[in-house]
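Reading the structure
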Amino acid sequence: MYQVEVCESEWQSYFLAVLTVIQGLLLTLGAFIAWETRQVKIDAFNDSRLIAMCIYNAVVFGTVTIIIVTVLGNQATARYGIKAGCLIFATTFTQIILFAPKILAYYTNKVAQNEANTADQPTTSAHQQQMIACADNSCIAHELRVAKNIIAVLQSQKTALETTVRAYEEKN
């Protein structure tokens, strides 16, 4: 018969509670950042839906793992196997959620470029690609200038509104 040694401490439950709270705060921060970036117009940077799915994945697998490990009690080997399996599956699934759409988009775009090249269309040179990127950057710079102008107009309207409210309050 084999013997399994388990390291335990009287502070173990407190330590695990602190770690769980820290992880919960990190997941909450991730959810907040995903929520704030949900309306980014550049598809390459708008991963908020994928991040939300990853957070959901972490919460579900964490909860399931905690419940199963608690139910198993003193079966150290089974607990270790369940914890390791859930950890490996959760991280693999999270990486698939985050990177599979990007890899798929890359290969889909590459296939589309190859089809365009085989249709006797001229390929874009490195200089032309750089010019396209500069044009995209100038579009972004233009959008930034427009946004700054809108902010300036809104700030002036806010100041005018505050002045009107103060004048109204002084009358009454």
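Figured I'd write up the structure that's included with this text. Keep in mind the model is a prediction, meaning the values are calculated, not measured.

What follows concerns the overall build of the protein. Broken down by element type, the protein carries 4 helices and 0 strands. Traced from its N-terminal end to its C-terminal end, the protein shows the element sequence α-α-α-α. The buried share among the 172 residues of the protein stands at 9%. Pairs at least 24 apart in sequence give 56% of the contacts found in the protein among residues at least 6 apart. Of the roughly 14,700 Å² that the protein leaves accessible, carbon and sulfur atoms contribute 66%.

Summed over all chains, the structure comprises 1 salt bridge. A salt bridge links Lys158 to Glu162; the nearest nitrogen and oxygen atoms lie 3.8 Å apart. Of the two residues, Lys158 and Glu162 are both situated in helix α4 (residues 126-171); the distance of 4 residues between them amounts to about one turn of the helix. The exposure class of Glu162 is partly exposed, given its relative accessible area of 34%.

Any pair of aromatic rings gets described here by the distance separating the centres and the angle formed by the planes. Taken as a whole, this structure holds 4 aromatic pairs when the rule is applied. Centre to centre, the rings of Trp11 and Tyr14 are 5.6 Å apart; their planes meet at 45 degrees, and the pair counts as tilted. A single burial state applies to Trp11 and to Tyr14, both of which are exposed. Measuring from ring centre to ring centre gives 6.1 Å for Phe89 and Phe93, while their planes differ by 5 degrees; the resulting arrangement is stacked. With Phe89 and Phe93 both in helix α3 (residues 76-118), this residue pair falls 4 residues apart, about one helical turn. Aromatic rings pair up to connect Phe61, Phe89 and Phe93 into one cluster.

Conventions we followed
- Residues numbered from 1 in each chain as written.
- Predicted model: local features only at pLDDT ≥ 70, side-chain atom pairs only at ≥ 80, totals over all residues.
- Heavy atoms only, no water.
- Helix = DSSP H or I, 4+ residues; strand = E, 2+ residues; numbered from the N terminus.
- Buried < 20%, exposed > 50% of the residue type's maximum accessible area, 1.4 Å probe, protein only.
- Contact = heavy atoms within 4.5 Å.
- Areas by Shrake-Rupley, 256 points an atom, 1.4 Å probe, with all protein chains shown as cover.
- Salt bridge = Lys/Arg side-chain N within 4 Å of Asp/Glu carboxyl O.
- Phe/Tyr/Trp six-rings, centres within 6.5 Å; stacked < 30°, edge-to-face > 60°.

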